[in-house]
Amino acid sequence: MITALLAQAWQAPTIDWHAIAPELVLVVGINLVLFIDLWLDESKKWAMATLSGMVLLGAFVPVVTLAVVGGDVRDAIFDGRYMIDEYALVMKGLFLLVGYVVVLMSQTELEEGGYYQGEFYVLLLVSILGMVMMASSRDLLSVFVALELLSIPAYMMAAWRKRDPKSNEAGVKYYLLGVFASGVLLYGMSLLYGTTGTTKLTEIGAALAIGDPSVMQVLAVVLVITGFAFKISAVPFHTWAPDTYQGAPTPVTAFLSVASKAAGFTALLTVLYLALHGATGVHEPYIWVLAALTMTIGNVVALRQTNIVRMLAYSSVSQGGFILMPLAVMATDAAESALRAVVIYLLIYAFSNLGAFCVIMAVARKTRSGEISSFGGLMGYAPGLGVLMTIFLASLAGIPPLGIWIAKLQSFRALIDAGSTAAYALALIAAVNTVIAAAYYMRVLRQIWMAPAPDGDTSPIVVPPPIRLALAITAGGTVVLGILPGLVLRFADLPDLTGALGL
Amino acid sequence: MQTLTNDNWLLTVGTFLPLVGVALMMFVPASDERAHKQIGIVTSAATLAIGIWTLLRFDFDQSEKLQFFADSEWITVIRSNYTIGLDGISLPLYVLSMVVTLLVMIYTWDNMPDAGNPKSFISLMLVLQVGMAGSFIAQDLILFFVFFEVVLLPMYFMIGVWGGDDRQYASLKFFLYTMFGSALMLVAFLALFFQTGAESFSFHHLAEAGALIDRDVQVWIFAGMFIGFAVKVPMFPFHTWLPDAHTQAPTQGSVILAAILLKLGTYGFVRIAIPMLPQGAKAWAPVIGILAVIGIIYGALGCLAQTDMKRLIAFSSVAHMGFVMLGISTLTEFGINAALFGMVAHGLITGMLFFLAGSVKHRYHTLEIGRLSGMLIQMPRLGWILGFAAMASLGLPGLAGFWGEFPAILAAYNPNFGLDVTLYRTLMVIAALGTVLAAAYLLWLYQRTAFGRPNPEFTGTHSVGAAAADDHHGADIHDVTPIEWIAWTPFLIAIVVFGVYPQLMFDVMDPAVTALVERVGAGIP
């Protein structure tokens, strides 16, 4: 009787299980890790890292099959509010890969530090699940849920070294500012919903495209972008980043500066391209200013840092400015170039930045210091790590033929493709900033190559196998993608998003 | 544009072969210094062998055409291809880079800079060679940009690790200056690409389409490229990194920097900026001419004020590159031919002078001109070679330096495309005065260091009481060693051969230069 009633009142939606397989694998994996951890003896906790790595690789499989099958399975499910298109798949692949490298990085750190291992991996996997969902979200609600799902575990992970006041500060600061940003974002979203009457991004886009935006809508656009600006640590909403990065355990810092930032950009891209593109006069100047400020202030402050993690924090702020830069021209003919530039930047930046953090971890195991001066003489006693760090930092500085040069080139390309005076001005600001950035990256390289070891200790560094693997992945990615960028450039050809602009 | 595609694997192999050496060295422990030096010499010798084979296969009757042309897909999405080729303009520089690298490797056998670690040093030199050769064969803007930048890091480390006392400052200055130039240059490249709407980044397409852009736009784009290349040349007022970099760099670094790296800038003007933006070039030519002449005079006066031999040679580079740029700025066939000749001649002569400075430093442990004297008595052969190189550098007819400077000055008498004749003739006169100054500073240098009695400090008879830290009573002073002979003789021979028979090089370059000037002419209404 009840079943008959239910069958009338509620019709189960047809769910394409293949399409959401990556998320399902992650959900099952999270539960597995959680339960196995409960019964596992303390001495066998190392297995959790391996298991988490397997879960991430397992989730990678359906991403690949979905990409290969293509076509109809990738169609919209849930009424076009959750899309499995190329854009989503590329970003999902990125998040899973970054997650895998972060697991590799965490393994020794957690084992040696005596931290809670099982719980850490559960949180990490949940956060990655949020990111993977973010890539597919095409509705204000699912965007927001995904954002919270990826942020809340990260707040806890930042404070993982719980006996260290700095780590606590990192966590609390990140949490408070993060929650504040969520509030701002939510307020903006509520205004968007209030003025357009829908939460579906494409419908908002259609509504905004008609006529000039009202005052409410202008406010909504500004608030939404501000909310994401916190997440991607754009100046002046970056103040949490340096303290959080410095205080958090290094693998978490790497995770925040790469994956969390990429997730913020993913959300920003989706929302901008699908919903806000109509309000051209509002977001373009705003993003222009954000980008110019972010790269300049991030760089200038980075120049003065003496702690390497803090320097990389500010460098990652300024890299964010470069990633943001093409979005300042996304409403022009250059919309496609801009999208491609952002996606390619996120993909390649992930390798180089993670790699740099891997080297820092490996070196800090010996020197027990985060100062730039502790890198002195590295070339003498650990030439392998020295060369790798050279590769990563030179890539971050944008020197061909290493990874990020092609991403920087794409960003410049998008601006010049747009061809407006504002775009050229931003390109010139960016050009000057590349030079400033080179100055502080070179300062680290100068320590590595030219300075003597600070305390005369030149015993070699033993790099644990998981970090070795992480270094191999990141260095390989940085070099190969720099020389043959064609391998990933085609992933950045994403008509699904720009299609909404009617190009 | 016609191209010849015979043997089109030659350039790729010739350019990337040094990487094989680097890969080999990765498997040899750093402590085995001898093996690293051997690998370095063998690899660069093999590279030069490919270079000579290229020279033999080159069709000199068609040197205006791109030869060994290859074009394969690289980054299709941004329409940039792996397009390479060699013509009369790039051939001499391409081969020169290989010769210089081999000779520098040989020199390193006995003269490893103090910081040691030949493994890194030689790997960096090999990577440097890839970047240099690659820049000369690239026929695609993005590819050119990549190779152009590849040289940056190795040179930074060579100066910074193996350089003199002030090396860290000098290396960072070198790096940031160049980086700034190339960032603006990249913006200019992209602007050119989008303004032309060209179908690819290949030089050929851009040269065809570039001439059609509005004059004002051309002027702006040229400005971006101008800064990028002018920093590299370096032209006044972007030259301030050069004296520091040259003075602090190890001998090997100075030689490569002077002989090849500076040429990347002038080559960029000839190959990229001028043919692609003819009207921009015409608008900027007087500025280039004026800055070039300021560079000549300023460099010469700077030389007269130096007390350090190496710094003096560095400033003379500024003056010599001024002549090259003056030749280019006339936009005449004659002037550009002279400039290209001047590039090679300056590479040989100044490279030689830096070798000598390195060896003098090695023997006297100082380069202070005031403390050096009587070299002809203490080491007659080295003293004579120094005299020879100084004569070549001041432009003595019969030696290579003459054919770079004299025609450049002459070309300024009659600039092309209606450039202001009065201005250029004034520049010509001032540049001619510059040659007198060049004679002055070089002869003065030679007179003070080579003539007279040896400084008692270095003769071993000096009283021990006043011993300074670097006072070693000339114990290290000896004449030219066999390794130095091997490294230097090719330079000396080339300086004489090209001086006596410049036709050898002009014949190769002239058809290509004629075609280039014709193309520029077609782009100027």
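These figures come from a predicted structure and were not determined experimentally.

Looking at the overall build of chain A
Then step 1. The helix and strand inventory of chain A stands at 21 helices and 0 strands.
Then step 2. Against the 2.2 N^0.38 benchmark of 23 Å for 503 residues, chain A shows a C-alpha radius of gyration of 22 Å, consistent with a compact globule.
Then step 3. For chain A, the spread of C-alpha atoms along the three principal axes comes to 75 × 65 × 40 Å.
Then step 4. Taking as baseline every contact in chain A between residues at least 6 positions apart, the subset at least 24 positions apart corresponds to 81%.
Then step 5. Of the accessible surface of chain A, which amounts to about 17,400 Å², a share of 68% is contributed by carbon and sulfur atoms.

Let's talk about the interface of chain B and chain A
You'll often see interface size given as the accessible area lost when the parts meet.
Then step 1. Contacts between the two partners involve 34 residues from chain B and, on the opposite side, 35 residues from chain A.
Then step 2. Both faces combined, the contact of chain B with chain A buries some 3,100 Å², and carbon together with sulfur accounts for 81% of it.
Then step 3. Summed over the shared surface of chain B and chain A, the result is 0 salt bridges.
Then step 4. Among the elements of the structure, β1 (67–75), α4 (118–137), α5 (141–150), α6 (152–162) and α7 (167–196) of chain B are those that each provide at least two residues to the side of chain B that touches chain A.
Then step 5. Ranked by residues supplied to the side of chain B that touches chain A, first place goes to α7(B) with 17 residues.
Then step 6. Here the residues of the side of chain B that touches chain A are counted per class, giving 26 nonpolar, 5 polar and 3 charged.

What about a nonpolar patch on the surface?
Then step 1. A cluster of nonpolar side chains, namely Ile493(B), Val496(B), Val497(B), Val500(B), Tyr501(B) and Leu504(B), defines an oily patch on the protein surface of about 530 Å² accessible area.
Then step 2. Considering the arrangement of structural elements, one finds Tyr501(B) in the loop between α19 (482–500) and α20 (503–523).

Here we look at the packing of aromatic side chains
All names here are of chain B.
Then step 1. Under the counting rule described, the total for this entry stands at 41 aromatic pairs over all chains.
Then step 2. Note on Phe341 and Phe506: the rings are 4.8 Å apart at their centroids and 25° apart in plane angle, and the pair reads as stacked. In this pair, Phe341 sits in helix α14 (residues 333–364) while Phe506 sits in helix α20, placing the two residues 165 residues apart along the sequence. Both residues of the pair, Phe341 and Phe506, count as buried.
Then step 3. Taken together, Phe144, Phe148, Phe203, Phe222, Phe226, Phe229, Phe238, Phe269 and Trp284 form an aromatic cluster joined through their ring pairs.

Cut-offs used in this document
- Residues numbered from 1 in each chain as written.
- Chains lettered and ligands numbered in written order.
- Predicted model: local features only at pLDDT ≥ 70, side-chain atom pairs only at ≥ 80, totals over all residues.
- Heavy atoms only, no water.
- Helix = DSSP H or I, 4+ residues; strand = E, 2+ residues; numbered from the N terminus.
- Rg over C-alpha atoms; globule rule 2.2 N^0.38 Å.
- Contact = heavy atoms within 4.5 Å.
- Areas by Shrake-Rupley, 256 points an atom, 1.4 Å probe, with all protein chains shown as cover.
- Buried area = accessible area lost by both parts, 1.4 Å probe.
- Salt bridge = Lys/Arg side-chain N within 4 Å of Asp/Glu carboxyl O.
- Nonpolar A, V, L, I, M, F, W, Y, C, P; charged D, E, K, R; others polar.
- Patch = residues over 30% accessible without salt bridge, like charges linked within 9 Å, V, L, I, M, F, W, Y side chains within 5 Å.
- Phe/Tyr/Trp six-rings, centres within 6.5 Å; stacked < 30°, edge-to-face > 60°.
- Buried < 20%, exposed > 50% of the residue type's maximum accessible area, 1.4 Å probe, protein only.

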